[in-house]
Number of protein chains: 2
Amino acid sequence: MDKNNFSQHINQNRITINDPFWSKYIELVRDEVIPYQYEALNDRIDGAAKSYCINNFVKAGKIAKDISNGIIPPVYPEDKWEYTDDNCDKNSFHGWVFQDSDIYKWIEAVGFSLIHNPDNELEEKADQCIDLICNAQLENGYLDTLYIINDTSKIFTNLKDKHELYCFGHMAEAAVSYYNATGKRKFLDSTCKFADLICNTFNDNNIKGYPGHEIAEMALVKLYKATGKKRYLDTADFFIRQRGSKPYYFDMERGYDRKDDSLDYFYNQAHVEPVNQDEAVGHAVRGVYLYSGMADVARELVNEKLFDACEKIWDNIENKKLYVTGGIGATVDGEAFSFNYDLPNDLAYSETCASIGLIFFARRMLEIEPNRKYADVMERALYNCVLSGMAEDGKSFFYVNPLEVLPEASHKDSRKRHIKTVRQKWFGCACCPPNLARLICSIGEYSFTENDNTVFSHLFVGGRISTRHGEITVNSSYLDNGNVSFSIKPNESFSFAIRIPKWCRNFSISKDYELIDGYAYIKIDSECDIDVCFEIKPRIVCCSNLVRANIGKACVMRGPVVYCAEEIDNGKNLQLLRLSHEKELDYDGEFIIANGFKEKINEDLYYDFDGKTKEKECQIKLIPYCKWGNRGENEMTVYLNLR
Amino acid sequence: MDKNNFSQHINQNRITINDPFWSKYIELVRDEVIPYQYEALNDRIDGAAKSYCINNFVKAGKIAKDISNGIIPPVYPEDKWEYTDDNCDKNSFHGWVFQDSDIYKWIEAVGFSLIHNPDNELEEKADQCIDLICNAQLENGYLDTLYIINDTSKIFTNLKDKHELYCFGHMAEAAVSYYNATGKRKFLDSTCKFADLICNTFNDNNIKGYPGHEIAEMALVKLYKATGKKRYLDTADFFIRQRGSKPYYFDMERGYDRKDDSLDYFYNQAHVEPVNQDEAVGHAVRGVYLYSGMADVARELVNEKLFDACEKIWDNIENKKLYVTGGIGATVDGEAFSFNYDLPNDLAYSETCASIGLIFFARRMLEIEPNRKYADVMERALYNCVLSGMAEDGKSFFYVNPLEVLPEASHKDSRKRHIKTVRQKWFGCACCPPNLARLICSIGEYSFTENDNTVFSHLFVGGRISTRHGEITVNSSYLDNGNVSFSIKPNESFSFAIRIPKWCRNFSISKDYELIDGYAYIKIDSECDIDVCFEIKPRIVCCSNLVRANIGKACVMRGPVVYCAEEIDNGKNLQLLRLSHEKELDYDGEFIIANGFKEKINEDLYYDFDGKTKEKECQIKLIPYCKWGNRGENEMTVYLNLR
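This is a predicted model, so every value here is computed, not measured.

S.K.: Sorry if this is basic, but what is going on with the interface of chain A and chain B here?
M.R.: Bring the parts together and some accessible area is lost; that lost area is often taken as the interface size. Across the contact, 61 residues belong to chain A and 61 residues belong to chain B. Of the roughly 5,100 Å² buried between chain A and chain B, counting both surfaces, carbon and sulfur atoms make up 53%. Ranking the residues of chain A by area buried against chain B places Arg415(A), Arg548(A) and Tyr606(A) at the top, with a combined share of 18%. Our count for the contact surface shared by chain A and chain B stands at 8 salt bridges. The salt bridge involving Arg539(B) is made with Asp608(A); its shortest N-O contact spans 3.1 Å. Scanning the region where chain A abuts chain B turns up 36 residue pairs in polar contact (both at pLDDT 80 or more). Going through the elements one at a time, helix H12 (304-320), helix H15 (407-412), strand E16 (538-543), strand E22 (606-608) and strand E25 (640-642) of chain A are the ones with two or more residues in the side of chain A that touches chain B. It is E16(A) that provides the largest number of residues to the side of chain A that touches chain B, a total of 5 residues. The residue makeup of the side of chain A that touches chain B, split by class, is 28 nonpolar, 12 polar and 21 charged.

This is the structure:
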């Protein structure tokens, strides 16, 4: 870990996005997703699962007031994962245990959006939400509506399964985003009050707990950076150091004397101390949130051993547990990483949130060590799995992003019930849509980083960026034709480093450069233009033959974009299609047309093979993976059989 | 349905098996399986799951005596699937709801075994068991230890989930077998008493119930044939006619007023009336037991419509839902048939019992209509999936028979937890081992059938058979070299029909014959020898390209025997092996050696395809599928990638 290599992302308010691809997504989030999600949080969307989120804050606000007036509130059970009209009192908490986080994710997205597009009406709505939130906070700073409404005596008694520290993490991320956008301190101060309570409860009192669902670690580091209060960083470090140490805190808190611990807590990445972990395991979202926090702490405290663990885990994901789409989490059971090279296409979980978390992890690694491998994965996840999570109209969402879909299987096979064939309006457990919104609104932060000597260009999102070394204007038609031009007005001489994506075999840069770890470093002494051209053309991509699901198969990519075949373009039984590497792949600006073959259906269930396959030539029409499922329910596959 | 085509199997006591392949299996069952299972029934096997079966009969015997003396027994809940030391009173029923059936299956196997090998000691044990069973019977004929021990007031109140009629079915099959072997009437009379109660309760009183787990249908027909009592046949018919009619009996018995019945009772094949079914659905064992009973009733009552349904269901299984090994049931969820062409290799359920049930169904169809398609499937199931169910030493068993095994997946992937990598000693739910025992001991009954004009040879098991048309001695080295010779001493002229298996492309018969529906019919007028030679050589077999799991793959068969590759012979990563159809397949009397290729491992998770595959020539060593898993835990696959 070389501190000279560290870089820092450039804050939203120094970036103006103007990009043929990304601008429309940002507008979609601003015009559709954020307003839609606000309605959802308020339970005003017909036919969508109820959120109960706002309503819980209203209830908790009344109870907080009662408590401060010395009125003892009624007690309800706090023993469920999901509280519904059917299983609990109407005055008690409703929704999932982590329901509070939805409003925080919405506010975080609003913050990012307001930076680009001031909007008084939206800001007013957010302020009202913040008032609601702050009203619900107890005098000691505690804020989780489940426990405030149902039973304050049980606060912090089940870190393993309940999500108080998780909700706090999202609160902190939202508070920093909203403060950055508006300068208003109310929400940030309220968050710090809760953060202080957490620091007191755990780190200061040496109660060796840690979050069951990680995120507080990275959120505390973010809060530390926003406020300068070192105790937040120390508590993040404390959580990471306690995690997985024995006796397990999760055992102790439930009074369990463990005889055999060989198989447990992998789900929570709490099987061993993070510093000794070298494989991505368990619930995938939790995993990448932890790894992001580990990277944050490793960097801030210059902890080499912790960074080594991050690197090992990264390599494990990148080389053994990553779908070609940038998806992670191969099994629905525990929404989890499976074992190495187990990447089934039709059973994938590949949650939108997990890919978003992988991008968080990638950015942190990249800011520690400028190596294209991190940015390549970030880009892969972004253009494929993440964008697949949202419909073209921004009104419906995939939680799970499979690489192969047969509608009949989703309907009839319980093993594939998690594979939805069309996007859903809103989930009761609505982590993915607001997570998408906050990522897309902050895409600029992923595009550039800087340090004392260098500005790095990781993604090629068009726009204007004000770095500390000068102004940079990016004109990007990256996905269209691979062309990106940079107009640079430096304040001082510096080095400009452009990522050369690994997918790109040929490229040209209009200036001299030196290539280090996949970045072309260019000396900038004066105002200049740099024209970069990445050769971008469709190509056939194979998967390691250690992945059993993909033997004899391949997919088509163009640049970072993975393509897929849908039934609507290619007929039923996509498994009959056969890709030929001897034929051209044509790109027409929208589709890729592969000249391939289609096998004739063989009705005999079993037959002696005579060496011949009956087939006819055909054109296979492919669309970007992220656009699948926008034309009704139909078969889809990323991998095609290779002829 | 042409009654002239009907044939009847030849009873055990007219058959003496003397076969290089089957004799050793029959000995194994006699010397190992039957004694081992007796110990298991008595809970005397270290490390095996407890059966509790005998013990339940002891308990029930005491209670039956108390009841007859006017003493009211204590009541225990009867609301579980499995009753263990942990969840119930020690004096209550223990084990699975269907635990009684284990002793019946054991007695049935003993009956078949005694016919071939009189054994006083074994017969004495069986007689003691029968005494225990009869002691437990209530005065009105009722006999199911769960309800006798736990709560007689609940008898026949939950036909859907509890297994009283299922246990009765196995009781009847055992009673007929034991009566045929020994001539002793005690068990048969006791069974008839229970059967009479069932006829009274349901058919006579028009209570429109039917078994949740089928088997009583075919068992009642068997009992009808053994006793001549037509009411047993009528009740079998009644059960089939009531099944699936609306309002559903299963709803009525639990007092449930159903609004939407679109998706239910497929599991029990009770979604529509059997006569209107055309697809094999639901729990596979239940399915084939029902279909067997349907065929029995269709034949005995010459019910054309019911036979049509049987044929449609048969065709659906044979052409769309059958593994190449003769396994059925593609999903662990409900141990059930999946949708058409969904035949995953590594997720298969393919229960041993289901294949045994398929053989029951096949035999019944064959006895209605002599068409080789039924015998071909019978043979396929027998030599592959069924025999896979038992270890070479007869002491451990597979319940599930997958076509692909990766031990790491079985240990780490919850979706594959049902895929055991090595055979288990004994199951608490021990349906498969005793089912195997009873099938193997009665193999002769599957080999020949006869009617007024014809003797049919379906399988080619060696031995001596006394048919009503004459004596036939079979010398068979069918699996060794395809040679089978028949020495026939006729009492009268008749037609001898020899099945020509569909797998066999070339064959010779030393007599003139006429080929009808896959059978070679030979006129027998006088004592003669018939020599048949089936060309039997290894061949590459492909699967319909509608089966997604097997695109680009093939397996190797020799005659009816499916072969597989194991890691112990071929190294790890069996997916790297590639079968070549251009190279010879060599059979050395034990193994098949395929001259194929092995891909080099490609460590890059994703890479641009250049049209080349790195591979080297190799020999792929294949063993019969039924022998897999006898050399410790290792990878196994039936399907290999085709080059």
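Next, the rest of the story.
S.K.: Would you mind going over the sheet that holds strand E13 (residues 514-516) of chain A with me for this structure?
M.R.: The pairing of strands in a sheet happens through backbone hydrogen bonds and is either parallel or antiparallel. All names here are of chain A. Pairing in this open sheet of 6 strands is mixed, and the strands run E1-E6-E7-E11-E14-E13 from one edge to the other. Strands with a single pairing partner mark the edges of an open sheet, and in this sheet they are strand E1 (8-9) and E13. Alignment of E13 against strand E14 (residues 519-524), held across 3 bridges, turns out to be antiparallel. Note on E14: the bridge partner recorded for Glu-514 is Tyr-521.

S.K.: Is there a simple way to explain the pattern of salt bridges in this structure?
M.R.: Where charged atoms of side chains with opposite charge meet at close range, the side chains can pair. Residues and elements named next belong to chain A. The tally for this structure, following the rule as stated, stands at 102 salt bridges over all chains. One salt bridge connects Glu-78 with Lys-154, and the closest N-O pair in it is separated by 3.7 Å. Of this pair, Glu-78 sits in the loop between helix H2 (53-68) and strand E3 (82-83) while Lys-154 sits in the loop between helix H5 (145-150) and helix H6 (164-182), placing them 76 residues apart in sequence. On the basis of relative accessible area, Glu-78 is assigned to the buried category, the value being 12%. Take Lys-154: its relative accessible area is 32%, and that puts it in the partly exposed class. Between Asp-569 and Arg-631 there is a salt bridge, with its nearest N and O atoms 2.7 Å apart.

Rules used throughout
- Residues numbered from 1 in each chain as written.
- Chains lettered and ligands numbered in written order.
- Predicted model: local features only at pLDDT ≥ 70, side-chain atom pairs only at ≥ 80, totals over all residues.
- Heavy atoms only, no water.
- Contact = heavy atoms within 4.5 Å.
- Buried area = accessible area lost by both parts, 1.4 Å probe.
- Salt bridge = Lys/Arg side-chain N within 4 Å of Asp/Glu carboxyl O.
- Polar contact = N/O pair within 3.5 Å; in protein donor to acceptor, adjacent residues only side chain to side chain.
- Helix = DSSP H or I, 4+ residues; strand = E, 2+ residues; numbered from the N terminus.
- Nonpolar A, V, L, I, M, F, W, Y, C, P; charged D, E, K, R; others polar.
- Pairing = 2+ DSSP bridges.
- Buried < 20%, exposed > 50% of the residue type's maximum accessible area, 1.4 Å probe, protein only.

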